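Coordinate analysis (summary)
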2 protein chains.
Amino acid sequence: MTHRHPAQVGMSIEEIETPALIVDLDTVERNLKTLADALDGTGVVHRAHAKMHKCPALAKLQIAQGAVGVCCQKVSEAEAMVEGGIDNVLVTNEIVDPRKIERLADLATRASVAVCVDNPLNVPVLNEAAHKFGIMLPVLVEINVGANRAGVEPGRAALELAQAVDSMDGLRFAGLQAYHGSAQHKRKPEERKAAIDGAVAATRQTRDLLMQHGLACDMITGGGTGTYRHEAASDLYTEIQAGSYVFMDADYAKNIGDNGKPFAEFEHALFIYATVMSTSIPGQALIDVGHKAQSSDSGPPVVYDMPGAEFVKASDEHGVLKLSESAPNLIIGDKIKLIPGHIDPTCNLHEYYVVLRGDIVEALWPITAKGPGL
Amino acid sequence: MTHRHPAQVGMSIEEIETPALIVDLDTVERNLKTLADALDGTGVVHRAHAKMHKCPALAKLQIAQGAVGVCCQKVSEAEAMVEGGIDNVLVTNEIVDPRKIERLADLATRASVAVCVDNPLNVPVLNEAAHKFGIMLPVLVEINVGANRAGVEPGRAALELAQAVDSMDGLRFAGLQAYHGSAQHKRKPEERKAAIDGAVAATRQTRDLLMQHGLACDMITGGGTGTYRHEAASDLYTEIQAGSYVFMDADYAKNIGDNGKPFAEFEHALFIYATVMSTSIPGQALIDVGHKAQSSDSGPPVVYDMPGAEFVKASDEHGVLKLSESAPNLIIGDKIKLIPGHIDPTCNLHEYYVVLRGDIVEALWPITAKGPGL
């Protein structure tokens, strides 16, 4: 595989090769502080969701700002985080392949690693791996708090699964994973609040039921960039799992904040840097960013700071900008910034973040946890 | 970066780790032969579009079946092909960054490499690089034959640009790039034929105008999986550039063929292999293939050979299958095959093709030309 560096430290922004992901470090630092300040005094800690950025260097900045560790969705992501120096990882997902379970247990010999379950079939397999690697593996029961993706039903089903975990001598029941994914992107603040009110009620009832049966929930974890203030104010959740807040994307910017204005608690800190490669079709410019350099699953990227220019169409290696009369007169070689439509899968397409302080490259951060999730 | 192998040679299909791309080699060989047979006797050669598969091992099979070389869209793809042993590459795209142009010229010292232009500003920069590396660089003028993405207008604009190329002592005018991308996916055969009839007429008129001015078009190149028979029958095009025919995807399968039935000249040979990881929500199964393992830009993947199961929703690391009553009773750990919605960007997400002969792994082919296109 070729791993080309899109830039070198000390370069100015104009010298960065494209397509590249560029990070405004000042903005990242403001976003980190905004979240830390919001959680300060709540008693709720932050477990940063590293599936978003996939980058140990950035995870370290989050931990320096108070995060207790990271979340990952895949064993391969967790491995990349531990290899990158992160010593506390929760896999917020079910791991069912026996070989992946063995890798997870192996990783747990070198770092604090926990995992989720939502199926009793999974429990003895986890226990067997824990035995093989001589560990006591912390396991959370994932409950379905409304996203209808994974998780057992709150209440009795959760209790039975927690008891199954607790009955295994290689596993430690550690608490509840109660993340409401689809609530994050509900556009209206009252919709997000209603969804999390429901999640909190279901989780509290489950927590209480488990306590009545002698099972304590040390961790109750969930919450994302769109809803974290509700989970933090619940007097129930012990952790929130925000990820997108570091970079923000065009999709999150479509949410309406609690103040009735577009959600702007966090600022856009990540951009796709692109080059104009053709201007031969009147009224448009062709750039070198298509499906291979950005993911448009949540809508197209947004052209940054260039009124009159709109990203209207992506093909594999190309993006078409429609230019109105108010747009600047672009020529080949011009460079532009795009705000990604959806950051997580966009970051997955690149090898490096080019980290800028002002307009100068301060660092290149490898995106080591990228990949399909093998 | 971690490069995990999803399988080892000799394994059976059930042992392959997921998410993985699996290739049915028997089907690939039939698809290669179908295209070669269709072009046999036409006098038109095949230049395989390697931007689809990004894999020198597969390009070599195409060349063994008669392809004259490959097309790429990015310099990085061309470099990976030459490094992988392919000695004839046309970059069917404009390259405007001076550093990428130098890499292109450098590559042309080691292999037969040509490139396209659609802007006179680009011509002297290419010429300068050709001088620097002591080469005569073949350059095609790209004309816009209806896709409205790149390319100068056919006729006079193309003539002027070809003359500009011809006036440079480091460049050799090599012909016309006349690819109609959007025609490939027009659903009705008469729509595809009408689009290519227009492309052929515009290209022929341009070719004749250039000839009148003493400029011969050694190469006239274009055509894809959806339309290649029309270009091959044009008595004008010298090459066709099919790529998707090797693997086929769900989007191409939505085309209607000339016989009025779904386009089935080529068979599905590439599948995303997935594992069921949760069955906790009634009526659905959650699999480990989401945006990071497939690209849904042209629609979702299709569940292969499993009536009653439909891929209805992807999130970053998960895919939701809706299961009707006719679907099998899936449990965690079950493995399924998906036909990708769009192969090119899906292949870009993986490191390897797991190549199967029947149900046994015969090879792992690295996807070395993947990446954003740096």
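As the structure is a prediction and not an experimental result, all values here were calculated from the model.

1. Side note on the overall build of chain A
Within chain A, the secondary structure is distributed over 10 helices and 17 strands. Scaling as 2.2 N^0.38, a compact globule of 374 residues should have a C-alpha radius of gyration of about 21 Å, and chain A matches this with 22 Å. Each principal axis of the C-alpha distribution contributes one length, and for chain A these read about 70 × 45 × 35 Å. Residue burial in chain A is summarised as follows: out of 374 residues, 58% are buried.

2. A look at the relation of the copies chain B and chain A
Superposition record for chain B on chain A: RMSD 0.0 Å, screw rotation 180°, translation along axis 0.0 Å. What the superposition gives is, in effect, a two-fold axis relating one chain to the other. Interface overlap between copies is the fraction of interface residues in one copy that are interface residues in the other; for chain B against chain A it reaches 98%, indicating a shared surface.

3. Re unusual backbone geometry
Residue and element names in this part refer to chain A. The step from T18 to P19 runs through a cis peptide bond, and the omega angle for that step is -5°. Mapped onto the elements of the fold, P19 is located in the segment before β1 (20–24). In this structure, K54 takes a positive phi of about 65° despite not being glycine. With respect to the secondary-structure elements, K54 resides in the loop between α2 (50–53) and α3 (56–64). We note that D235 has phi near 55°; this positive angle belongs to a residue other than glycine. If you trace the backbone, D235 turns up in the loop between α9 (228–232) and β9 (239–240).

4. Examining the packing of helix α4 (residues 75–83) of chain A against helix α5 (residues 98–107) of chain A
All names here are of chain A. Two elements in contact, α4 and α5, have axes whose closest approach is 10 Å; the angle formed by their N-to-C orientations is 25°. Considering their axes alone, α4 and α5 lie roughly parallel with respect to each other. Note that α4 runs across α5; the crossing there is left-handed. Only K100, R103, L104 and L107 of α5 make contact with α4, whose side of the interface consists of V75, A78, E79 and V82. Here the contact of α4 with α5 is composed, by residue class, of 5 nonpolar, no polar and 3 charged.

5. Regarding α3(A)
All names here are of chain A. Burial in α3 covers these residues: P56, L58, A59 and Q62. For α3, the buried positions fall inside an angular range of 155° around the axis, keeping them on one side. The inward-facing, buried residues of α3 contact α1 (25–39), β2 (45–49), α2, β3 (69–72), α4 and β17 (360–366). Positive phi appears at G66, one or two residues downstream of α3, with a value of about 110°.

6. Thoughts on the interface of chain B and chain A
Taken together, the contacts link 64 residues of chain B with 63 residues of chain A. For the side of chain B that touches chain A, the secondary-structure elements that each account for two or more residues are α4 (75–83), β4 (88–94), β10 (270–278) and α10 (343–347) of chain B. Grouping the constituent residues of the side of chain B that touches chain A by class yields 21 nonpolar, 26 polar and 17 charged.

7. Quick word on the packing of helix α5 (residues 98–107) of chain B against helix α6 (residues 122–133) of chain B
Residue and element names in this part refer to chain B. Look at α5 against α6: their axes get within 9 Å of each other, and the N-to-C directions meet at 45°. Of the possible angle classes, the one that applies to α5 and α6 is oblique. As α5 packs across α6, the resulting crossing turns out to be right-handed. Mapping the contact onto sequence places P98, I101, E102, A105 and D106 in α5 and V125, L126, A129, A130, K132 and F133 in α6. Residue composition of the contact of α5 with α6, by class: 8 nonpolar, no polar and 3 charged.

8. Here we look at the nonpolar core
Formed by 240 residues in total, the largest nonpolar core has its most connected members in V354(A) and V354(B). Not counting the four nearest positions on each side in its chain, V354(B) is found in contact with P6(B), A7(B), I16(B), A20(B), L21(B), I22(B), V23(B), V361(B) and L364(B).

9. Describing the domain arrangement of chain A
Residues and elements named next belong to chain A. Under the domain assignment, chain A is made up of domain 1 (25–248) and domain 2 (268–349). The C-alpha-based centres of domain 1 and domain 2 are spaced at 35 Å. Elements that contribute at least two residues to the side of domain 1 that touches domain 2 include exactly α1 and α2. Of the residues contributing to the side of domain 1 that touches domain 2, the split by class is 5 nonpolar, 4 polar and 2 charged.

10. With respect to the sheet that holds strand β7 (residues 171–177) of chain B
Residue and element names in this part refer to chain B. Spatially, the 8 strands close up into a barrel ordered β2-β3-β4-β5-β6-β7-β8-β9, and their pairing is parallel. Here strand β2 (residues 45–49) runs beside strand β9 (residues 239–240); their pairing, made up of 2 bridges, is parallel. Pairing of H46 across the sheet is with I240, part of β9. Along the sheet face, α6 touches β4, β5 (112–117), β6 (137–142) and β7 and points at about 160° away from the line of β5. This element, helix α7 (residues 156–166), spans β5, β6 and β7 of the sheet and lies at about 170° to β6.

11. Re the pairing of β2(B)
Residues and elements named next belong to chain B. Within β2, 4 of the 5 residues are buried, leaving the element largely enclosed by the surrounding structure. Where β2 and strand β3 (residues 69–72) come together, 3 bridges link them in parallel fashion. The residue of β3 that forms the bridge with H49 is C71.

12. Notes on α5(B)
Residues and elements named next belong to chain B. The complete set of buried residues in α5 reads K100, I101, L104, A105 and L107. With its buried residues spanning 160° around the axis, α5 presents them on a single face. Next to the buried residues of α5 lie α4, β4, β5, α6 and β6.

13. A closer look at the sheet that holds strand β7 (residues 171–177) of chain A
The strand order around the closed barrel formed by 8 strands is β2-β3-β4-β5-β6-β7-β8-β9 (chain A), and the pairing between neighbours is parallel. Relative to the sheet, α4(A) contacts β3, β4 (88–94) and β5 (112–117) of chain A, its axis offset from that of β4(A) by approximately 175°.

14. Focus on the environment of P124(A)
Within the fold, P124(A) resides in helix α6 (residues 122–133). Between the C-alpha atom of P124(A) and that of L171(A), which follows or precedes it by 47 residues, the distance is 9.3 Å.

Calculation criteria
- Residues numbered from 1 in each chain as written.
- Chains lettered and ligands numbered in written order.
- Predicted model: local features only at pLDDT ≥ 70, side-chain atom pairs only at ≥ 80, totals over all residues.
- Helix = DSSP H or I, 4+ residues; strand = E, 2+ residues; numbered from the N terminus.
- Rg over C-alpha atoms; globule rule 2.2 N^0.38 Å.
- Buried ≥ 20, exposed ≤ 12 C-beta atoms within 10 Å, placed from the backbone.
- Least-squares fit on C-alpha atoms with pLDDT ≥ 70 in both.
- Contact = placed C-beta atoms within 7 Å.
- Axes fitted to C-alpha atoms, helices over the stretch in contact; angles between N-to-C directions.
- Parallel < 35°, antiparallel > 145°, perpendicular 65-115°, else oblique.
- Left-handed = near helix turned anticlockwise from the far one by under 90°.
- Nonpolar A, V, L, I, M, F, W, Y, C, P; charged D, E, K, R; others polar.
- Arc of directions from axis to C-beta.
- Core = buried A, V, L, I, M, F, W, Y, C linked by C-beta atoms within 7 Å.
- Domains from an automatic or database assignment.
- Pairing = 2+ DSSP bridges.

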